[in-house]
Number of protein chains: 2
Amino acid sequence: GGVDKGVDFANYFCTYAFLYHQKEMLSDRVRMDAYFNSVFQNKHHFHNKVVLDVGTGSGILAIWSAQAGARKVYAVEATKMADHARQLVEANGVMDVVEVIEGSIEDVDLPEKVDVIISEWMGYFLLRESMFDSVICARDRWLKPTGVMYPSHARMWIAPIRSGLGDQKMNDFESAMNDWRNFVADTDTNYGVNMNVLTKAYREENQKYFLKTSLWNNLHPNQMVGTPAIIKEMDCLTATIEEIREVTSNFSLGINVDRTRLSGFAGWFDVHFRGSSQNPAMHEIELNTAPSSEDCTHWGQQVFLLHPPPRVNEGDAVIVSFSMRRSKENHRLMDVEFTYELQQSTGKRLPPVTSKFSIE
Amino acid sequence: GGVDKGVDFANYFCTYAFLYHQKEMLSDRVRMDAYFNSVFQNKHHFHNKVVLDVGTGSGILAIWSAQAGARKVYAVEATKMADHARQLVEANGVMDVVEVIEGSIEDVDLPEKVDVIISEWMGYFLLRESMFDSVICARDRWLKPTGVMYPSHARMWIAPIRSGLGDQKMNDFESAMNDWRNFVADTDTNYGVNMNVLTKAYREENQKYFLKTSLWNNLHPNQMVGTPAIIKEMDCLTATIEEIREVTSNFSLGINVDRTRLSGFAGWFDVHFRGSSQNPAMHEIELNTAPSSEDCTHWGQQVFLLHPPPRVNEGDAVIVSFSMRRSKENHRLMDVEFTYELQQSTGKRLPPVTSKFSIE
Ligand SMILES: Nc1ncnc2c1ncn2[C@@H]1O[C@H](CSCC[C@H](N)C(=O)O)[C@@H](O)[C@H]1O
Ligand SMILES: Nc1ncnc2c1ncn2[C@@H]1O[C@H](CSCC[C@H](N)C(=O)O)[C@@H](O)[C@H]1O
């Protein structure tokens, strides 16, 4: 719908065609352990079953599914990585079970419906990349009514945080603007053209880049200055595109650190492998990308910095109205908006502030 | 011809829509001085004349043309930068002369033919970006038979060089491969999948990335170990797309440093502003991007590293057969091939070696 395939390939799929990038995902222990355990601790979901792996990449999930006893695995991959997946399938002796199909899942025809859809579709802050659209498409077309989704559930989280990144980015922004002012003066002196009329546009461009783009970061848990909130829960068996096209949530974050700054918010996700209610998992597995001192993931957290960062105290509450929409220019990127009010423990309520971000 | 506009925008034009990038070009003193002097030291080419600026970006060349006395300037820019160019034109009081037109030069209709085409179309190693195609298109459609091109001539150069980058990139490559071997072992141990079958593909991917992609570098002149050669000369008034689609050249590089290594080759360009033979410049101006201890440009040089780097001595000659073609996947990027033979001063001639690179 409206998406140019060539452009989508140039902007999105291209990176997945590199083994370097697949390796990054395959080296993420938290991610790998979760999928591995979800499959091998729940072999009843795979034994003699037909599985569809949406976006098989290197083929890893398809191979595990086969090793766990699947009768047949359709492993669909949009990029040339499909060739490598095929090699890997053969080298690991599961070519009789796994069929690698190069193509977009949206375009692919399967000869039968499937018992399981397994997919690693999660982007930064869960929904970046909008790949779950493709999983929904696959589910609605190819999953048997009794089928299960791997993962089965997903949640989005937000927490209030402190971070040195705020000052850093503000410094970067200010030095970019100083630089610009020198540039304007020099260009006028040396080349007789006054660029000052573009100062406003340059400021906006740099604000967007340094201050209004979310950052990838693996936060330490002690950077959280309050209790995280769940802002979205999703049942992968029933979720619709309508439901994820826009995520809005109102919530309150209790501050539990005294005399600190609210540098901003961090967003992350977890997913669960629980099977379905008719066909539950034997062992429920969780994949969690929250701030952690040990179990970092390649997803990290998305950090949304506030400028200036308000001072907060233990007992304060931050009342947040959140929304996330797809960017108009690129449906795989997100526009995020936070409107927050500080409710101080004294009862005083500060006026609401709105901050907009893009997830690039 | 065959180029998807949306993809071209995603891959190429998008960067030019940022003031940050325009500023980088506008801060390149060597570039700016050359164009500035070419215009203001040759006002007879502009006075009362009609000018077309192909890819006006911020509008700088169009504004100079107006300041130098042009009667009318058409300033065509494919990206939204056109809005900023318009602002700059107004702020500098030349809105009666300069008309900014947003669009691809290929699609634009002008009400009249022009006396001058000015354009800053040069990419790394002259032809990367393939923007000269658009200048040719503009020239053939809009330049009067008596018209002049700014710049009027262009040349491509190659020199033999020494550089620490060769060892550095080889180290990077080797550590990537060590990393991969550990990864293969770990994945087998922890997750029961043997990835070794992909080692060859991973090596090729990393060779391409670390060893077979040309590098941007501002070399010091003392890194040249021999005499540079001109591999291509172009008259901008008569050059055809056929002529630049593929550049081939056979040449010999005399080594003038003793007991050194030939780390590779460096490629760069210069352009000249000489007007035309009927209507020559009063003051010929040169824009040179050769290795220089003082006059570095944002183009730097493109470095093509040889692995392993052969030892060479004063008096040796490197006999080179060179070709550059557009990449099949992206017509704005280039595939380069060097076949070289070392002719030692003793008369001994070593067997030919071929190295392929891409300019990304
Ligand atoms: N619509 C679609 N059809 C087919 N493949 C898709 C797709 N959207 C994304 N993909 C592919 O899905 C993969 C997601 S990354 C996950 C790869 C692999 N399953 C693993 O867990 O390691 C990428 O390789 C991407 O190219
Ligand atoms: N076919 C085409 N039609 C219109 N603009 C083009 C074009 N191909 C490239 N451009 C534009 O040409 C510019 C080249 S960069 C040079 C900008 C400016 N003339 C200066 O000298 O500072 C970019 O802004 C790019 O967007």
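Preceding block: the structure.
Here is a short report on the structure shown in this document.

Cut-offs used in this document
Residues numbered from 1 in each chain as written. Chains lettered and ligands numbered in written order. Predicted model: local features only at pLDDT ≥ 70, side-chain atom pairs only at ≥ 80, totals over all residues. Heavy atoms only, no water. Disulfide = S-S within 2.5 Å. Near = heavy atom within 4 Å. Polar contact = N/O pair within 3.5 Å; in protein donor to acceptor, adjacent residues only side chain to side chain. Areas by Shrake-Rupley, 256 points an atom, 1.4 Å probe, with all protein chains shown as cover. Helix = DSSP H or I, 4+ residues; strand = E, 2+ residues; numbered from the N terminus. Salt bridge = Lys/Arg side-chain N within 4 Å of Asp/Glu carboxyl O. Contact = heavy atoms within 4.5 Å. Nonpolar A, V, L, I, M, F, W, Y, C, P; charged D, E, K, R; others polar. Least-squares fit on C-alpha atoms with pLDDT ≥ 70 in both. Phe/Tyr/Trp six-rings, centres within 6.5 Å; stacked < 30°, edge-to-face > 60°. Buried < 20%, exposed > 50% of the residue type's maximum accessible area, 1.4 Å probe, protein only. Pairing = 2+ DSSP bridges.

**With respect to the state of the cysteines**
Considering all chains together, one arrives at zero disulfides over all chains under this definition. Not part of a disulfide, Cys14 of chain B finds its nearest cysteine sulfur in Cys14 of chain A, a span of 11 Å. The thiol sulfur of Cys137 of chain B is not disulfide-bonded, and the nearest other cysteine sulfur, from Cys236 of chain B, lies at 15 Å.

**Some words on the site of ligand 2**
Residues and elements named next belong to chain B. For ligand 2, the set of nearby residues contains 21 residues, the closest of which are Arg31, Gly55, Glu77, Ile105 and Glu106. Take Gly55: an N or O atom from its main chain is 2.9 Å from a nitrogen atom of ligand 2. With respect to ligand 2, the side chain of Ser134 contributes an N or O atom lying 3.1 Å from a nitrogen atom. The protein chains hide 99% of the 570 Å² of surface that ligand 2 would expose on its own. Counting only elements with at least two residues in the shell around ligand 2, the list comes to helix H1 (5–16), helix H2 (19–26) and helix H4 (60–67). For the shell around ligand 2, the leading source of residues is H1, giving three residues.

**Let's talk about the pattern of salt bridges**
Residue and element names in this part refer to chain A. Summed over the entire model, instances satisfying the criterion amount to 47 salt bridges over all chains. The salt bridge partner of Asp83 is Arg86, with a shortest N-O separation of 3.2 Å. Of this pair, Asp83 and Arg86 both sit in helix H5 (residues 81–91), three residues apart, which is roughly one turn of the helix. Close ionic contact of Glu284 with Arg274 constitutes a salt bridge, the shortest N to O distance being 3.4 Å. Of this pair, Glu284 sits in strand E12 (residues 280–288) while Arg274 sits in strand E11 (residues 264–275), placing them ten residues apart in sequence.

**Thoughts on the interface of chain B and chain A**
Taken together, the 39 residues of chain B in the interface contact 40 residues of chain A. The interface formed by chain B and chain A contains two salt bridges. Note that Asp179 of chain B is salt-bridged to Lys23 of chain A, the shortest N-O span being 2.7 Å. At the boundary of chain B with chain A, the tally comes to 16 residue pairs in polar contact (both at pLDDT 80 or more). Its residues placed into classes, the side of chain B that touches chain A shows 23 nonpolar, ten polar and six charged.

**A short note on the relation of the copies chain B and chain A**
For the pair chain B and chain A, the relating rotation is 180°, the translation along its axis is 0.0 Å, and the fit reaches an RMSD of 0.0 Å. Here the copies are linked by what is in effect a two-fold axis. If distances are taken from each C-alpha of chain B to the rotation axis, the shortest is found for Val7 of chain B, at 2.4 Å. Taken as a fraction of all interface residues of chain B, those also at the interface in chain A reach 100%, which identifies the copy contact as same-surface.

**Things to note about the packing of aromatic side chains**
All names here are of chain B. Applying the stated rule across the entire model yields 48 aromatic pairs over all chains. Taking the centre distance of 4.2 Å and the plane angle of 15° together, the rings of Trp180 and Tyr202 count as stacked. Taken together, the residues Trp180 in helix H7 (residues 165–191) and Tyr202 in helix H8 (residues 199–211) connect sequence positions 22 residues apart. Owing to a relative accessible area of 1%, Trp180 belongs among the buried residues under this scheme.

**What to know about the environment of Lys232 of chain B**
Residues and elements named next belong to chain B. Within the secondary structure, Lys232 is located in strand E8 (residues 229–235). Sequence separation between Lys232 and Tyr12 is 220 residues, and the spatial gap between their C-alpha atoms is 25 Å. Ignoring sequence-local partners within four residues, the contact set of Lys232 consists of Ala154, Arg155, Met156, Glu243 and Val247. A polar side-chain atom of Lys232 sits 3.2 Å from a polar atom in the side chain of Glu243.

**Re the site of ligand 1**
All names here are of chain A. In the vicinity of ligand 1 there are 21 residues, among which Arg31, Gly55, Glu77, Ile105 and Glu106 approach most closely. A distance of 2.9 Å is found between a nitrogen atom of ligand 1 and a backbone nitrogen or oxygen belonging to Gly55. Between ligand 1 and the protein, one listed contact pairs a nitrogen atom with a side-chain N or O atom of Ser134 at 3.1 Å. Every element with two or more residues in the shell around ligand 1 is listed here: helix H1 (5–16), helix H2 (19–26) and helix H4 (60–67). Ranked by residue count, the leading element in the shell around ligand 1 is H1, at three residues. In the shell around ligand 1, the residues fall into nine nonpolar, eight polar and four charged.

**Some words on the pairing of strand E16 (residues 334–343) of chain A**
Residue and element names in this part refer to chain A. Taking every second residue as pointing to the same face, the buried face of E16 carries Met334, Val336, Phe338, Tyr340 and Leu342, while none of Asp335, Glu337, Thr339, Glu341 and Gln343 on the other face is buried. Here strand E15 (residues 317–326) pairs with E16 via ten bridges, running antiparallel. If you follow Arg326 over to E16, its bridge partner there is Met334. As paired strands, E16 and strand E17 (residues 353–359) are joined by seven bridges and run antiparallel to one another. When the sheet's bridge partners are listed, Asp335 is paired in E17 with Ser358.

Honestly, that's just the spatial picture; any functional story needs more than this.
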